[in-house]
Amino acid sequence: MQVLADVGTRLIRRWGLDGVQMAALARVQRRPGHGGAASAPADVQPRPRWLTVSLYLEFAPFAVLGQIGIAGILFPSFFLGLVFSYTVIMLLFGPLFLRRCTTALLDTSENRVLLHLPISDGTLLAVRLLSIAKHAGFLLFAISLPTAIALAARLGAVALLVFGISLVLTLLFLVAITLAICLVTLRHVKPARIKDGILAFQAVFFILALGVAGLALTDPSFVKGMPEVSRQAWWYFYPPAWMAGLLDYSLMGKTRFNSVLAATAALAPLASFVACIQLFAGGRFTELLSRLEVPRNSAVTPKRLPKWLTRLSEQISALTSGDKQERAVFDLTAKLTQNDWGTKWYVYPFIGGALFNCGLCVVMLRHGPMGGLALFVYCYTPICLAVGVRLIQYSAEWRAAWCHQVLPFAKQGVITSGATKVYICKYLLPIYLVLLAAGAAVWGAAVALNTLFALAVVMLVCVHCFWGATAAYSKDPWLMSKGFEKIGNFMWLPLVVGLIVTHIVLEAVAGTWGVIGGIVVMGGAIMVAFRRLRSRNMPADPVRGWSDENRHLAACKPPST
Amino acid sequence: MNAVIKMRGLSKVYSGKQVLEPIDLDIPAGEVVGYLGPNGAGKSTTVKILIGVTKEFNGSAEVCGFDVRKEPLEVKKRIGYVPEVAALYDSISPLEYLRFVGRVHHMDDALIESRATEMLNLFGLEGEHQTPMFNYSKGMKQKVLFTAAVIHDPSVLFLDEPLSGLDVNAVMLVKEVIAQLAKAGKAIFYSSHMMDVVQKVCDRIIILDKGKVLADGSFAELQEQQGKNKSLEDIFSKLTSGVDHVAMATKFIRSLGSDVLAA
């Protein structure tokens, strides 16, 4: 204990942590209306009790998958059951946390207030990390609760304790990854391209994670030949396997295999976390923050689309838009998505992941029939893209959205429907075109029809997810994660589960004709949903989107008097 | 007199605080009205009510005969607005932005294109139409904002510090445009802190403080009420602050310590 305390004290001194400054910064960030990295204005703070219930309910269908692993229903091996559970937990939690952590760390809105003050990098970094610790802990707890209950019921309190420790280690590992990505980008990427660089690194990381998990979970030998698989050396490089090894080591007896995994689980996250903080605390964090604020004249000019793509976009806009106003929104949103790194950050990894899985399925299953779990992995990997449509309301250019309130839009819903159509045409349709073509070419019409059904599901979820939005590109991107936590924002999960179950039942009971009927019904539902979305009139939002430098005060004062 | 902007008992209470005292005003077509007041006087609140953005207020307000509370859409079709803080989508070009605004006003693409090109050229932005506004200065953005406010030929213009950041030539152009638009029968509601411009451009000046109208009349009428040789700046200062600024500045410096002035 004494040794740990000594190490802690030495690290605090080395990183230059200042308790008084940390308390002062934390106090400012807790104030309602503070718009910095750690918090959101008072009007977007969710009600915690409802949020808790909502999160548990909405994550339940996915979290139960983890429980299946622990309960050993699918997996006779305890170790591989755990690997499955940790994979589910990390795939659910990892992207959400990486996104939140990056946005909080890279928030430059406090630069003008903080960077000239005598605050060390360590203190600033620690305050930002602590500000997201509560959020991360809560989210991780919500995702892993069913697994924790199943473990406690089967193996008792010790299992629960080790599971808790493994979750903390998971968190440290993810923080270390975020910091490492920032660090590499800072050292090797031009200042004007830092955000793009971070985006690219995170996309690559996520595609790899999704691909490796997809490889593990869709490989039939994973379930059937378990004891063989568990001796493979590549498990040493798979983080969910480290954590599974830690539990296996603590609860099921010591082997050489689980000892190495447990040691990796304990040391790798801690060592990488300490190393990253150590590297960042020496002046690099404020350097990163100041580099993110690139002077206008040295900034990179926003990318322009090639002429043929601009013409194509205008033709699609004319074809899909109901009237001139919707067309105006479509064209504007199409141009804004071109340069919005927040949207790209979310969309590109999922597009990459979906293409990766598509390629995997083609390579592994091209000689046999396509069906069962593999078919649904193939069709529904892009489902997370549907949720990303909500990103269109958040933009670095949110201050310019005052025009949405001043211009004579017949209904505010025109803005949301136009923006949703851009998202569908730009991101969902191309990826599904690839899946459809590959499905039809390799396995025939039945797979193509199932893919079409999945596209209809994704489009419907897309409309649902953008239902409560105020306008396109009207909110501060740094509030994105907070916005995602609002009650009702996760209601897409039950909708997705319900529609996928319907798909499975239709396919199993009525075959191809059932799927065709389903596609027709879904097509009608999408048209009705769009019509209703267009006719919505959303309440004016006097704070967000209004060009007011003192927006944080707007929660307490009349808007800009 | 046929009023284009009509306010009757227009007031606003926010969290129990009266931010705008009841105002009765009629502004006819062809009049340029300067709306002056110190920070927090209620200028922007009045403008936001009149352009149909803020709906929670007491009393009534009409623009072009339409109730701003009940028919904000009809009001928005007939007005142009230049906000105080210039915020535009940096990643698109001025032409793309003006096309967006024009289409929302149901204008033909050809008309948008011709008007936008001509107006931007007159502002000295020729050759910049297709360039993203990423590198635009505040003044260049202000020119785009002004163009966006007038491109659909509105009946009423609400201008909140429209000259902010503009170069001298652009200031002269905008001032002349305002005068000629007024001659063409447009009503112009001009909110500003720049006293000399208001004095020259506006037919009528309204001075507001703490939500209350303190003075309303032409510059000559205000001079008659407040003192013949006084500038608008003097009249404004007398009405809204009434303090000796030299004494205040001395007090301000003294708060740093008595030795500062001695040194």
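Just above, that's the structure.
Here goes a summary of the coordinates provided. (Residues numbered from 1 in each chain as written. Chains lettered and ligands numbered in written order. Predicted model: local features only at pLDDT ≥ 70, side-chain atom pairs only at ≥ 80, totals over all residues. Heavy atoms only, no water.)

Digging into the overall build of chain A
Along chain A, the regular secondary structure elements total 23 helices and zero strands. The buried share among the 561 residues of chain A stands at 54%. In chain A, 83% of the contacts between residues at least 6 apart in sequence involve partners at least 24 apart. For chain A, the accessible surface area stands at approximately 23900 Å², while carbon and sulfur atoms represent 68% of it. (Helix = DSSP H or I, 4+ residues; strand = E, 2+ residues; numbered from the N terminus. Buried < 20%, exposed > 50% of the residue type's maximum accessible area, 1.4 Å probe, protein only. Contact = heavy atoms within 4.5 Å. Areas by Shrake-Rupley, 256 points an atom, 1.4 Å probe, with all protein chains shown as cover.)

A closer look at the nonpolar core
Within the largest apolar cluster, 138 residues are counted, with the highest numbers of intra-cluster contacts made by Phe93(A), Phe97(A), Leu129(A), Tyr378(A), Tyr380(A) and Tyr423(A). In this structure Phe97(A) touches Ile132(A), Ala136(A), Leu171(A), Leu174(A) and Val175(A), once residues within four positions along its chain are discounted. Among the nonpolar cores identified, the runner-up in size contains 97 residues, and Phe409(A), Val144(B), Ile188(B) and Leu208(B) belong to it. (Core = buried A, V, L, I, M, F, W, Y, C linked by side-chain atoms within 4.5 Å.)

Focus: the side chain of Thr147(B)
Mapping Thr147(B) onto the fold places it in helix 5 (residues 138–150). When residues no more than four places from it in sequence are discounted, the contact partners of Thr147(B) are Leu98(B), Met119(B), Leu120(B) and Phe123(B).

Details of the pairing of strand 4 (residues 58–63) of chain B
Residues and elements named next belong to chain B. Taken together, the five bridges between strand 1 (residues 3–14) and strand 4 define a ladder with antiparallel strand orientation. In the strand pairing of strand 4, Ile-5 is matched with Val-63. Judged from the two bridges that link them, strand 4 and strand 5 (residues 66–67) form a sheet pairing that is antiparallel. Bridge pairing in strand 5 links Val-63 to Phe-66. Where strand 4 hands over to strand 5, the hairpin turn is made up of two residues, of which Cys-64 adopts a positive phi near 55 degrees. (Pairing = 2+ DSSP bridges.)

What about helix 6 (residues 121–155) of chain A?
Residues and elements named next belong to chain A. For helix 6, built from 35 residues, the straight-helix expectation of 51 Å at 1.5 Å per residue is missed by more than 12%, its first-to-last C-alpha distance being only 43 Å. Within helix 6, the axis deviates most sharply at Ser-144, by approximately 55 degrees, and proline Pro-146 lies no more than four positions further along. Gly-156 sits one or two positions beyond helix 6 and adopts a positive phi of about 90 degrees. (Expected span 1.5 Å × (residues − 1). Bend = angle between axes of the 7 residues up to and from the residue.)

Observations regarding the side chain of Lys421(A)
Examined against the element boundaries, Lys421(A) turns out to sit in helix 20 (residues 413–443). Within the structure, Lys421(A) has its side chain in polar contact with the backbone oxygen of Thr320(A) (distance 2.9 Å). (Polar contact = N/O pair within 3.5 Å; in protein donor to acceptor, adjacent residues only side chain to side chain.)

Points about a nonpolar patch on the surface
All names here are of chain A. A grouping of Val-501, Val-505 and Val-509 is seen on the molecular surface, where their side chains present a nonpolar patch of about 270 Å² in accessible area. With respect to the helices and strands, Val-501 occurs in helix 23 (residues 492–534). For Val-501, a relative accessible area of 44% puts it in the partly exposed group. (Patch = residues over 30% accessible without salt bridge, like charges linked within 9 Å, V, L, I, M, F, W, Y side chains within 5 Å. Salt bridge = Lys/Arg side-chain N within 4 Å of Asp/Glu carboxyl O.)

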